[in-house]
Amino acid sequence: MRRDLSLLQNRRFDVVVVGGGIQGACVARDAALRGLSAALIEQADFCSATSHNSLKTIHGGIRYLQHLNFRRAIDSIREQQIFLRTAPHLVQPLNFLMPAYGYGMRGPLALGAGIGLFELLNALVSLRDGNRPGWPKGRLMRAAACRALAPGIDRHGLSGGAVWADAQVGFADKAVLQILQQAVDHGACAANRVQAEQLCFSAPDSGSVCGLKATDMRTGHRFEIQARAVVNATGPWAADWIKQAGGARLSLKVGLVKSMNLVTSKPALPYALAVKSARASDSRIDRAKRMFFVVPWQGKAVIGTTHFTYRGSSSGMETDPEEIAAFVDEFNTACPAMGLTLDDILYCYQGLTPGDGKAAEDGAKLHESKIVDHAATDGIGGMFSIVSIKWTTARLTAEQTVDRLLRQWNERRSCRTRQTSLPDYPDMPHDTCGLSHAQLRGFVAAHIEHTQAFRFSDIVLRRTNDLVLGRMSAKQFTVILQTLADHFDWPAERRREEAQQVLDRLSSSAFKRTLINGLETVRL
């Protein structure tokens, strides 16, 4: 997936996608696999914003049964099955444990009924799609067994527990890169550090787009990308980008919520644990409490997700230590036995997500992804915006978007992403633990060439999880930084800036202090 901007010029694409997160990558892949000519541009690094902020779960939709939203539950079940079937090297099964309290809607019988319905829907979806259903994996347990599995849970009123099977994406950033690589393998062009600045229209008063004007963020070179259609997949920036690129001719409203997940140094449990938060749930069945999940990931416990109301600019979000502290306090109220402290927080995955605009004071995010056809809303053909909220259903949303695009052209091309497996590309290494200095330099060189990694943060925050997980040494940190500096001829000041930007992203943990102490002997 080499960065060659000449491929974006002097030709006309069927579709150009703006935004290189999971949603944009899925649109590019779907279009390319259908034989459409597709281009994708991203103004920063691939998977560097909202898609980077992930709890690492591919939910099968069991919680939507609480909302009595069976369509969304079935969609999530199907998409989880597709992920497990077509990308088993990226997505694996993960068991979840839910404690039961009392004998009402949070009791064992109610949980058992929900899990039974969930597994029935799983089986029906499998049969409907021509696949063999797996054996039921959910089960109920007594209170003593639940306490033994999760000794830190609230014991007051504990009446049992339930386990069900869900799924996890172990390397979310790598998944986006591999989805993009498969799109490129089928003829798509993808480039990061390219900003889409202005839409182009076929005539001043025309009712259709014909491409966009873009700027290479690395050189400042401006050029035009011609296309029959443009898909705005910029996530929470969708409304701002439409306003900037389309002016008064296009409109879109998106509320904003800040979402946060914490990577901790606490050892992982062999399952994901659900615990009650102090805030009210939006479930139609049980409005008692929202849930936090303690998810095992690469040997560490990840805690999430919490949402904060966000009223600032979509381009100005920064890490707020007070919000991290508030999250830790709220979690400790829900699960005091874990004894979480700020020193335990290795990294804060945070990002803006679309809000529903109805319960802003509660930090309520949008419940369903939306596809906006601007031909219907603004009279501008060939322009689509996606307001996406879920990793799990990103492939489905992409399929629906390309379907709509083709209908606008009166064309029919069958979607292929339901059945097409995603290769595990060998030129996208992910682990740095145990690598020699020479091997680390080779690791960096591979990502510069094959995944368009140009910044220090690209490598240590998204091409590997080792720094985020607190297992990268100061020597490894320095070798990676120096390799990039040598390749791009960075002066000493640029090296220090690149290092500091990464250190600022790490939470104020014991690991960060150890890392900084190790770097004091190295001249950055």
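Residues numbered from 1 in each chain as written. Predicted model: local features only at pLDDT ≥ 70, side-chain atom pairs only at ≥ 80, totals over all residues. Heavy atoms only, no water.

**Q** What is the right way to look at the overall build of the chain in this model?
**A** A tally of regular secondary structure across the chain gives 14 helices and 16 strands. The globule rule puts the C-alpha radius of gyration for 524 residues at 24 Å, and the 23 Å found for the chain is close to it. Going through the 524 residues of the chain one by one, you find that 57% of them count as buried. Total accessible area on the chain stands at roughly 21,800 Å², and carbon and sulfur atoms take up 51% of it. Across the chain, the centroid of the 63 positively charged side chains sits 5 Å from that of the 50 negatively charged ones. (Helix = DSSP H or I, 4+ residues; strand = E, 2+ residues; numbered from the N terminus. Rg over C-alpha atoms; globule rule 2.2 N^0.38 Å. Buried < 20%, exposed > 50% of the residue type's maximum accessible area, 1.4 Å probe, protein only. Areas by Shrake-Rupley, 256 points an atom, 1.4 Å probe, with all protein chains shown as cover. Lys, Arg positive; Asp, Glu negative; His and termini not counted. Charge placed at Lys NZ, Arg CZ, Asp CG, Glu CD.)

**Q** Is there a simple way to explain the pattern of salt bridges in this structure?
**A** A side chain of one charge can pair with a side chain of the opposite charge if their charged atoms are brought near each other. The tally for this structure, following the rule as stated, stands at 25 salt bridges. Ionic pairing is found between D129 and R78, a salt bridge with its closest N-O pair at 2.9 Å. Taken together, the residues span a long stretch of sequence, with D129 in the loop between α3 (108-128) and β4 (139-141) and R78 in helix α2 (residues 70-86) at a distance of 51 residues. Exposure remark for D129: the relative accessible area of 29% places this residue in the partly exposed category. The class of R78 is buried, set by a relative accessible area of 14%. For R462, the salt bridge is made with D458, and the minimal N-O distance between the two is 2.8 Å. In this pair, R462 and D458 are both assigned in helix α11 (residues 456-463), four residues apart and thus about one turn of the helix distant. A residue is classified by how much of its surface remains accessible, and D458, at 0% relative accessible area, is buried. (Salt bridge = Lys/Arg side-chain N within 4 Å of Asp/Glu carboxyl O.)

**Q** Would you explain the pairing of strand β9 (residues 222-232) in this entry?
**A** One face of the sheet, then the other: side chains in a regular strand alternate in exactly this way. Relative to β9, strand β1 (residues 12-18) runs parallel, the two sharing six bridges. Note that in β9 the partner of V17 across the bridge is V231. Examined bridge by bridge, strand β8 (residues 209-216) and β9 share five bridges and lie antiparallel to one another. Bridge pairing in β9 links T215 to R222. In sequence, β8 turns back onto β9 through a hairpin of five residues, with G220 there showing a positive phi of about 85°. As judged from the three bridges shared by β9 and strand β16 (residues 383-387), these two strands associate in the parallel manner. Within β16, the residue paired with N232 across the bridge is S385. (Pairing = 2+ DSSP bridges.)

**Q** Please explain the nonpolar core as it appears in this structure.
**A** The nonpolar side chains of a soluble globular protein tend to be buried, and buried together. Judged by nonpolar contacts, the single largest core of 55 residues is most densely connected at V263, V460, L467, F477, I480 and L515. Per-element accounting of this core gives the leading share, seven residues, to helix α12 (residues 474-488). (Core = buried A, V, L, I, M, F, W, Y, C linked by side-chain atoms within 4.5 Å.)

**Q** Looking at this model, I keep getting lost on the packing of aromatic side chains. Mind explaining?
**A** Counted according to the given criterion, the structure contains nine aromatic pairs. Centroid distance F96 to W164: 5.5 Å. Interplanar angle 25°. Geometry classified as stacked. Within this pair, whereas F96 is found in strand β3 (residues 91-101), its partner W164 is found in strand β5 (residues 158-169), the two being separated by 68 residues in sequence. Accessibility classification places F96 together with W164 in one group, the buried group. Seen in terms of ring centroids, F96 and F293 are 5.6 Å apart; in terms of plane orientation they differ by 75°. Their pairing is edge-to-face. A residue pair is termed long-range when its members are at least 10 positions apart, and F96 in strand β3 and F293 in strand β12 (residues 291-297) qualify at 197 residues. (Phe/Tyr/Trp six-rings, centres within 6.5 Å; stacked < 30°, edge-to-face > 60°.)

**Q** Explain empty space enclosed by the protein to me, please; I cannot follow it from the model alone.
**A** Gaps between atoms show up when a probe of the same size as a water molecule is rolled over them. Enumeration according to the criterion identifies one cavity of 30 Å³ or more in this entry. Volume-wise, the largest cavity comes out at about 160 Å³. What lines the largest cavity is a set of 16 residues, among which R29, F83, T86, A87 and I179 lie closest to the centre. Those elements giving two or more residues to the lining of the largest cavity turn out to be α1 (22-33), α2 and α5 (172-185). For the lining of the largest cavity, the element with the most residues is α2, which contributes four residues. Residue composition of the lining of the largest cavity, by class: 11 nonpolar, two polar and three charged. (1 Å grid on protein atoms, 1.4 Å probe; cavity = no way out; pocket = protein on both sides within 12 Å on 5 of 7 lines; lining within 4 Å. Points joined across faces, edges and corners; volume = space filled by probe spheres on them. Nonpolar A, V, L, I, M, F, W, Y, C, P; charged D, E, K, R; others polar.)

**Q** Can you help me understand the packing of helix α10 (residues 437-450) against α12 in this one?
**A** If you want to describe how two helices pack, look at the angle between their axes and the distance between the axes. As a packed pair, α10 and α12 sit with axes 9 Å apart at the nearest point and diverge in direction by 50°. Classified by the angle their axes make, α10 and α12 are oblique. Crossing angle aside, the handedness with which α10 passes α12 is right-handed. On α12, the residues touching H437, L440, R441, V444 and I448 of α10 are K475, Q476, V479, I480, T483, L484, H487 and F488. (Axes fitted to C-alpha atoms, helices over the stretch in contact; angles between N-to-C directions. Parallel < 35°, antiparallel > 145°, perpendicular 65-115°, else oblique. Left-handed = near helix turned anticlockwise from the far one by under 90°. Contact = heavy atoms within 4.5 Å.)

**Q** Would you explain the side chain of Q476 in this entry?
**A** The residue Q476 is located in helix α12 in this model. There is a polar contact of 3.1 Å between the side chain of Q476 and the backbone nitrogen of S473. Excluding its chain neighbours within four sequence positions, the residues that come into contact with Q476 are T432, C433, G434, L440 and R471. (Polar contact = N/O pair within 3.5 Å; in protein donor to acceptor, adjacent residues only side chain to side chain.)

Worth remembering: the numbers are spatial, not functional.
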